[in-house]
Amino acid sequence: MNDAQIFQIFGIGLFLIGLAWVIDGKAYKQTLRDILNNRGVLLLMGLFALITGYLIVALYDTDSIIVTILGWVALVKGLFIIVIPSLGKSLYAALENIKKYLIIMPWIVLAMGAALIYAGYFA
């Protein structure tokens, strides 16, 4: 797997999440609340993030700092979700009350996804 393929995977994922969030923010917020209240789904998400981050960090030898950062972020996110799931719940509850976050963040996620898609397919 090379840098372009990792950018493509993360880019498509972020772009679709950002697009769903922009199109129907209320439904997306409800989905996140449901995920945070379902411990089984939360555990699976944590395991997926942990495994993805570990595979990128441990097995992928790259000079790209962006790929390394993506791997470490996924690894740390997975550890936090598995070890301290209540932290994620309280963080999301705090962010949900900030109106500017709810307006700006979907567009940031969409733009990051588009940038990674561009880097993966065209750069």
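In this text, all values refer to a predicted model and were calculated from it rather than measured experimentally. (Residues numbered from 1 in each chain as written. Predicted model: local features only at pLDDT ≥ 70, side-chain atom pairs only at ≥ 80, totals over all residues. Heavy atoms only, no water.)

Undergrad: What exactly am I supposed to notice about the environment of I82 here?
TA: If you trace the backbone, I82 turns up in helix α4 (residues 65-83). Given a relative accessible area of 29%, I82 falls into the partly exposed group. (Helix = DSSP H or I, 4+ residues; strand = E, 2+ residues; numbered from the N terminus. Buried < 20%, exposed > 50% of the residue type's maximum accessible area, 1.4 Å probe, protein only.)

Undergrad: It is not clear to me how the confidence of the model for the protein chain should be interpreted in this structure. Could you clarify?
TA: Do not read the predicted coordinates in detail wherever pLDDT is low. Mean pLDDT for the protein chain: 87, with 100% of residues reaching 70 or above. Element-level pLDDT for the protein chain is lowest in helix α5 (residues 85-96), with a mean of 78, against a maximum mean of 93 in helix α1 (residues 3-23). (pLDDT = per-residue confidence, 0-100.)

Undergrad: Please clarify how the environment of F80 should be interpreted in this entry.
TA: Tracing the sequence through the fold places F80 in helix α4. The contacts of F80, once residues within four sequence positions are left out, are P85 and L87. (Contact = heavy atoms within 4.5 Å.)

Undergrad: Hey, could you run me through α5 in this one?
TA: The α-helix winds at 3.6 residues per turn, so residues separated by three or four positions along the chain end up facing the same way. The end-to-end C-alpha distance of α5 is 17 Å, a good match for the 16 Å that 12 residues give at a rise of 1.5 Å each. Taken as a whole, α5 has its buried residues at P85, Y92 and E96. One side of α5 carries all its buried residues, which in axial view fall inside an arc of 35°. α5 presents S86 and L91 as exposed residues on the side facing more than 90 degrees away from its buried surface. Residues of α5 that are buried in the fold lie against α2 (25-37), α3 (39-59), α4 and α6 (99-121). (Expected span 1.5 Å × (residues − 1). Arc of directions from axis to C-beta.)

Undergrad: Can you help me understand the packing of aromatic side chains in this one?
TA: Two aromatic rings are characterised by how far apart their centres lie and by the angle between their planes. Scanning the model with the defined rule gives 4 aromatic pairs in all. Aromatic pair W21 and Y28: ring centres 5.3 Å apart, planes at 35°, arrangement tilted. Overall, the relative accessible area of 10% leaves W21 in the buried class. Assessed through its relative accessible area of 18%, Y28 is described here as buried. Three or more aromatic residues joined by ring pairs make a cluster, and in this case those are W21, Y28 and Y101. (Phe/Tyr/Trp six-rings, centres within 6.5 Å; stacked < 30°, edge-to-face > 60°.)

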